[in-house]
Amino acid sequence: RTSFRWLIRQYRGGDGQRPSEEFRALTDATQIDYNRTLDVIEAELGDEPFGLATRSMIKAVRDGHAHHPRKAHKIKQMVSRLYSWAEENDLVPEGFNPAARIKRLKRKGGEKEYVVWSTHEIELFLASAPAHVCTAAMIALYTGQRASDVASMRWSQWQGEVIRVRQGKTGALLDIA
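Chemist: Whenever I open this one, helix 5 (residues 69-88) confuses me. Can you help?
Modeler: When the terminal C-alpha atoms of helix 5 are compared, their 29 Å separation across 20 residues agrees well with the 28 Å that a helix rising 1.5 Å per residue should span. Within the sequence span of helix 5, burial applies to Ala72, His73, Ile75, Lys76, Met78, Val79, Ser80, Leu82, Tyr83, Trp85 and Ala86. Among the structural elements, helix 1 (4-12), helix 2 (21-24), helix 3 (28-45) and helix 4 (55-63) are those in contact with the buried residues of helix 5.

Following this line, the structure appears as structure tokens:
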């Protein structure tokens, strides 16, 4: 009842343990993503007592994955989320979160930069692209939806004045003018 393995099972379920309501409420894709990260945490910290963890322990696990900065940060984020959930369920003292305030590892060469098209570049693209590509580009540019939501849109979602979208990540139903 004191190990990271036990805490992880309380949160996500397993070995006959029912998942927490917080975990069950996540979308399937988010559960899969969290499970990957939880597997790493369980493999590295499984038998360690979560109530005695230190910031240096969490950093050591994160730093062990420094060659993949995004994965390293997800490990830190997931440990922090576990402690927040544990606090909400009175499993650790209030404010006890050794993963809090651990900084993100910087990528060599800085963060990936996404170049935003200028208005002129958008106009050039729309003037020369086929109509079906222009439609997809305009939906992507002007609805503010994730690429996965744009890719899964159907013509039946067009409601005349609005596009009705159920977002894949949040499950939110939106009407976009």
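Chemist: Would you take a moment to explain the nonpolar core for this structure?
Modeler: It is characteristic of soluble globular proteins that their nonpolar side chains tend to be buried jointly. Counting 24 residues, the largest nonpolar core has Phe4, Ile41 and Ile58 as the members making the most contacts within it. Going through the elements one at a time, helix 1, helix 3, helix 4 and helix 5 are the ones with two or more residues in this core. In terms of residue count, the dominant contributor to this core is helix 5 (seven residues). With residues up to four places along the chain from it excluded, the contact list for Phe4 reads Ile41, Leu45, Gly46, Glu48, Pro49, Phe50, Ala53, Ile58 and Tyr83.

Chemist: I'm lost on the packing of helix 3 against helix 5 in this one. Help?
Modeler: A packed helix pair is summarised by two numbers, namely the angle formed by the two axes and the spacing between the axes. Between helix 3 and helix 5, the shortest axis-to-axis distance is 9 Å and the interhelical angle comes to 90 degrees. Judged by the inter-axis angle, helix 3 sits roughly perpendicular to helix 5. Between helix 3, through Asp33, Tyr34, Thr37, Leu38, Val40 and Ile41, and helix 5, the contact on the second element is made entirely by Lys71, Lys74, Ile75, Met78, Val79 and Leu82. By residue class, the composition of the contact of helix 3 with helix 5 is eight nonpolar, one polar and three charged.

Quick notes on the rules
- Along each chain, numbering runs from 1 in the same order as the chain's sequence is written.
- Only residues with pLDDT of at least 70 get local features here, since the model is predicted, and only at 80 or more are side-chain atom pairs given and counted; chain-wide, interface and lining totals rely on the full set of residues.
- Side-chain measures here rest on the full set of heavy atoms in the structure, leaving out hydrogens and waters.
- Per the convention used, a helix needs a DSSP run of H or I reaching at least four residues, while a strand needs a run of E reaching at least two, with both numbered from the N terminus.
- What a helix should span is 1.5 Å times the count of its residues minus one.
- Throughout, exposure labels follow a simple rule: accessible area from a 1.4 Å probe, protein chains only, divided by the maximum for the residue type, with under 20% read as buried, over 50% as exposed, and the rest as partly exposed.
- It only takes one pair of heavy atoms within 4.5 Å for two residues to be counted as in contact.
- What is meant by a nonpolar core is a set of buried Ala, Val, Leu, Ile, Met, Phe, Trp, Tyr and Cys residues, joined one to another through side-chain atoms within 4.5 Å.
- Interaxial angle, 0 to 180 degrees, is taken between N-to-C directions of lines fitted to C-alpha atoms, where a helix line uses only the stretch in contact.
- These descriptions rest on fixed angle ranges, namely under 35 degrees for roughly parallel, over 145 for roughly antiparallel, 65 to 115 for roughly perpendicular, and the rest for oblique.
- Under the grouping applied here, Gly and all other residues not named as nonpolar or charged are polar, the nonpolar ones being Ala, Val, Leu, Ile, Met, Phe, Trp, Tyr, Cys and Pro and the charged ones Asp, Glu, Lys and Arg.

Taken by themselves, the reported measurements are silent on function.
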